[in-house]
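Summary of the model geometry
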Amino acid sequence: METTYLPEGQLLTTTRNRDYTATLQGLERAMETGAIIEGTAVLCDGELNLHIDFPALPGVRGMIPRCEAVWNRDGEPPKDIAILTRVGKAVACKVTGIEQGTDGMTTVYLSRRLAQAECVANYLEGLIPGDIIRAKVTHLESFGAFVDVGCGVPSLLSVDCISVSRITHPRDRLYNGQMIWCVVKSVDRETGRIFVSTRELLGTWEQNAARFTPGQTVAGIVRRGEEYGVFVELAPNLAGLAEVRDCDREAVHGLVGRTAAVFSKSIIP
C-alpha cells in the first residue's frame, strides 16, 4: 500500500521537504497548506520542549512545545521518555505559527501531535488485516520490536510474529533504524493500536525448502537444543532437525545462536 505518511526520517532529505524547510517562505507555505515536514530534534529543554534544527536557516529556530510532542487518542499528556528519546532523531510535524523575536531570531512553532493525528485519521484507521505497509524499527525488547508505521506512530511486532523459526530475541533478526515490510495483523478500533507481523512475508515452507536438496552441506544458525536434537535455522521460515548423539548432548546448549555447517540428509514435505 502506497502512502504519503511515512515513518519518521524518510521525508527528511527529500526534495519536497527541502523546499519547505530551506526558506522562511517555504515554512510559511507549509503552514498555509498544512503540509507535514520533517526536521531533526537537537535539544530538549528543561520544560520538555523539543528544539528543531533547520540547517539552511541559521536565524530560525523550530520548537515543538511539550503538549504538541506526541499524539494520544485519550488526550493524556505525553510521557517524558517519549519526548526525550526524540533528541538526535528526525520528527514529523506541522507548522502552527511563526513569530519574530526581539532578539532577531525567528521562532517556528511546530506540532508533532497534529502530524500524527492526521496520519491516524487519513491512513492508519483505514488499514485492514492483510495490508502490507512500510515500517521502521525503533526499539527492541525481549517480547518484540516497536516499529514506526507512520509519522512516529508506534506499533508492536511481537517476537512470535517475526518469523516461523524461533528466535531468542528480536535482535536476532532486526536492528534499530531498519526499514522493513510488515503485514497488518489486527487493528484495535477502540484504542487505535495496530499489530503487525513479518513472518507471512518470508515465504511458505515449500518456497523455502525448494532452495535446498538432499546431499548439500549448507550453513545454518543453531536456534534451539532439545534432548532429541538441535533445531537449525536454514532460512527465516525454515528450520531443520539435527539428531544428537549421546556424546554430544552436553555441547548442545553452547551452540545456540552460533553458525554451523550442516548436511542435508532428507527433505520430507
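This is a predicted model, so every value here is computed, not measured.

A word on the nonpolar core
If you look at the biggest cluster of nonpolar residues, it comprises 29 residues, and the most contacted ones within it are Leu 124, Ile 133, Leu 174 and Ile 180. Listing elements by their share of this core, those giving two or more residues are α4 (112–122), β6 (132–141), β7 (144–148), β9 (179–187) and β10 (194–197). Of all the elements, β6 adds the most residues to this core, at four residues. If we skip the residues at most four places from it in the chain, Ile 180 touches Ile 133, Arg 134, Ala 135, Val 137, Val 147, Leu 157, Leu 174 and Thr 198. Core analysis: the second largest hydrophobic core is formed by 22 residues, Ile 37, Ala 69, Val 70 and Val 108 among them.

Comments concerning the pairing of β7
Counting buried positions along β7 yields four of five residues, so the element is predominantly enclosed. Pairing geometry for β6 and β7, over five bridges, is antiparallel. Looking at β7, one finds that His 139 is bridged to Phe 146. Pairing of β7 with strand β8 (residues 154–158), which is carried by five bridges, proceeds in the antiparallel orientation. Within β8, the residue paired with Gly 144 across the bridge is Ser 158.

Topic: the pattern of salt bridges
In the structure shown here, the tally under the stated rule is eleven salt bridges. Where Arg 223 meets Asp 172, a salt bridge forms, and the shortest distance between an N and an O atom there is 3.6 Å. Here Arg 223, found in strand β11 (residues 217–226), pairs with Asp 172, found in the loop between β8 and β9; they are 51 residues apart in sequence, far enough to count as distant. For Asp 172, a relative accessible area of 29% corresponds to the partly exposed category.

What to know about the packing of aromatic side chains
In the structure shown here, the tally under the stated rule is three aromatic pairs. Plain terms: the ring middles of Tyr 5 and Tyr 123 are 6.3 Å apart, the flat faces sit at 20° to each other, and that makes the pair stacked. Highlighted residues: Tyr 5 in the segment before α1 (15–21) and Tyr 123 in the loop between α4 and β6, separated in sequence by 118 residues. Take Tyr 5 and Tyr 123: they sit in the same class, and that class is buried. A centroid spacing of 6.2 Å and a plane angle of 90° characterise the contact between Tyr 228 and Phe 231, whose relative ring orientation is edge-to-face. Here the basic side chain of Arg 134 rests over the ring of Trp 181, its NZ or CZ set 4.8 Å away from the ring centre.

Reading the values: the criteria
- Residues numbered from 1 in each chain as written.
- Predicted model: local features only at pLDDT ≥ 70, side-chain atom pairs only at ≥ 80, totals over all residues.
- Heavy atoms only, no water.
- Core = buried A, V, L, I, M, F, W, Y, C linked by side-chain atoms within 4.5 Å.
- Buried < 20%, exposed > 50% of the residue type's maximum accessible area, 1.4 Å probe, protein only.
- Helix = DSSP H or I, 4+ residues; strand = E, 2+ residues; numbered from the N terminus.
- Contact = heavy atoms within 4.5 Å.
- Pairing = 2+ DSSP bridges.
- Salt bridge = Lys/Arg side-chain N within 4 Å of Asp/Glu carboxyl O.
- Phe/Tyr/Trp six-rings, centres within 6.5 Å; stacked < 30°, edge-to-face > 60°.
- Lys NZ or Arg CZ within 6 Å of the ring centre and 35° of its normal.

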